[in-house]
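What follows is each chain in one-letter form.
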Amino acid sequence: MSEQTDFMNKIPDNKPVRIFLPIKNSEESLRLNCVLQKTDETHYSLLFNSGTLPVEHLDLNASIIITLDISGQAVSIEAKIVTIANPQTLEVVTIKTINHEQMREYFRVDCTLPLLLKSIVPEEFGTPEDKWKIIGTTADLSGSGLRASFTSSPPKNTQVRISLSLPTAVPSIVTILASPVRISKLTDKLWDAAYQFDDVTDEDRDTIIGCCLVAQRRLLRLKVKVKDN
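This one's a predicted model, so the numbers in the text were calculated from it and none came from an experiment.

Caption draft 1: Examining the environment of D198 more closely. Examined against the element boundaries, D198 turns out to sit in strand 13 (residues 190-199). Looking at D198, the relative accessible area reads 37%, which means it is partly exposed. The spatial distance from the C-alpha of D198 to the C-alpha of N49 is 33 Å, given a sequence separation of 149 residues. Those residues in contact with D198 that sit more than four places away from it in its chain are Q159, L177, A178 and S179. One polar contact links D198 to Q159, side chain to side chain, over a distance of 3.0 Å. A polar contact is formed between the side chain of D198 and the side chain of S179, at a distance of 2.4 Å.

Here it is in structure tokens:
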């Protein structure tokens, strides 16, 4: 049994999932909730509430991303729309599955966003040493981690709280608990640090992945435009 088939067999039928749908002539992806109903190891139906699926605006040539949890682990599926069965149902087929470890590479995009590192100790309980704050800028971002640059040294071997400003339609700030994977001093006044997310809500992870998908589609459109020129 293939790894992909084994994974799909673990998904219970009628599983509520979150989905990113590509829209025609837009870099944005529409995020909706739906129910996954299995057909076989790779094919399944996605069932939507009446009136929520904009069938005439869907980009059927682009992949869709489905996010769900299996036994508490965040997992994503890249899939392809086979057909629009009716105004409330999409028939889709799996292209690949993406686990938490793979997500870091798969969804990683180059982007420059402001962020703030803080101690995980609440201010009302902390000592003066716990009240540090470091401002930085992301170099790349994914659904499970990020890399950023700082003009002062981030603490090593210490879990931190990251506040990240995301360029959503309505600008939002997500807060994440993260641990350093690597911290490198580049110059006397510049540090490069990579972090993995330890604790992020499903909603915030979906928001981050949505921003990454927008960036990916923007880069793809740029490549096509450059190639055509």
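Caption draft 2: Up close: unusual backbone geometry. In the Ramachandran plot, N14 falls in the positive-phi region, its phi being about 60° despite a non-glycine side chain. Relative to the elements of secondary structure, N14 occurs in the loop between helix 1 (3-10) and strand 1 (15-22). For N14, a relative accessible area of 45% puts it in the partly exposed group. With a phi angle near 55°, N157 is a residue other than glycine that sits in the positive phi range. Along the chain, N157 falls in the loop between strand 10 (145-150) and strand 11 (160-166).

Caption draft 3: Here's a closer look at the pairing of strand 1. Within strand 1, seven of the eight residues are buried, which leaves the element mostly enclosed by the surrounding structure. Sheet topology note: the strand 1/strand 2 (residues 29-38) ladder contains eight bridges and is antiparallel. Note that in strand 2 the partner of F20 across the bridge is R31. As consecutive antiparallel partners, strand 1 and strand 2 are separated by six residues, and within that stretch N25 has a phi angle of approximately 55°, a positive value.

Caption draft 4: Highlighting the pairing of strand 9 (residues 133-141). Alignment of strand 7 (residues 109-110) against strand 9, held across two bridges, turns out to be antiparallel. By the bridge assignment, D110 is partnered in strand 9 with D140. With five bridges connecting them, strand 8 (residues 114-118) and strand 9 associate as antiparallel partners. Opposite L115, over in strand 9, you have G136 as the bridge partner. Where strand 9 lies against strand 10, five bridges are found, and the strand directions are antiparallel. Counted as the bridge partner of G136 is F150 from strand 10. Where strand 9 folds back on strand 10, the antiparallel hairpin that results is connected by three residues.

Caption draft 5: Layout of the sheet that holds strand 4 (residues 64-70). In spatial order, the strands read 1-2-3-6-5-4; together these six strands close into a barrel with antiparallel pairing. Within this sheet the neighbouring strands show an average axis-to-axis angle of 45°, counted without direction. Here strand 3 (residues 43-47) pairs with strand 6 (residues 89-98) via five bridges, running antiparallel. Residue pairing in the sheet places L46 in a bridge with L90 of strand 6.

Caption draft 6: A look at the nonpolar core. In this structure, L141, L146, I162, L164 and Y195 are the most contacted members of the largest nonpolar core, which totals 27 residues. Mapped by element, the contributors of at least two residues to this core are strand 8, strand 9, strand 10, strand 11, strand 12 (172-187), strand 13 and helix 3 (202-228).

Cut-offs applied
- Residues numbered from 1 in each chain as written.
- Predicted model: local features only at pLDDT ≥ 70, side-chain atom pairs only at ≥ 80, totals over all residues.
- Heavy atoms only, no water.
- Helix = DSSP H or I, 4+ residues; strand = E, 2+ residues; numbered from the N terminus.
- Buried < 20%, exposed > 50% of the residue type's maximum accessible area, 1.4 Å probe, protein only.
- Contact = heavy atoms within 4.5 Å.
- Polar contact = N/O pair within 3.5 Å; in protein donor to acceptor, adjacent residues only side chain to side chain.
- Pairing = 2+ DSSP bridges.
- Axes fitted to C-alpha atoms, helices over the stretch in contact; angles between N-to-C directions.
- Core = buried A, V, L, I, M, F, W, Y, C linked by side-chain atoms within 4.5 Å.

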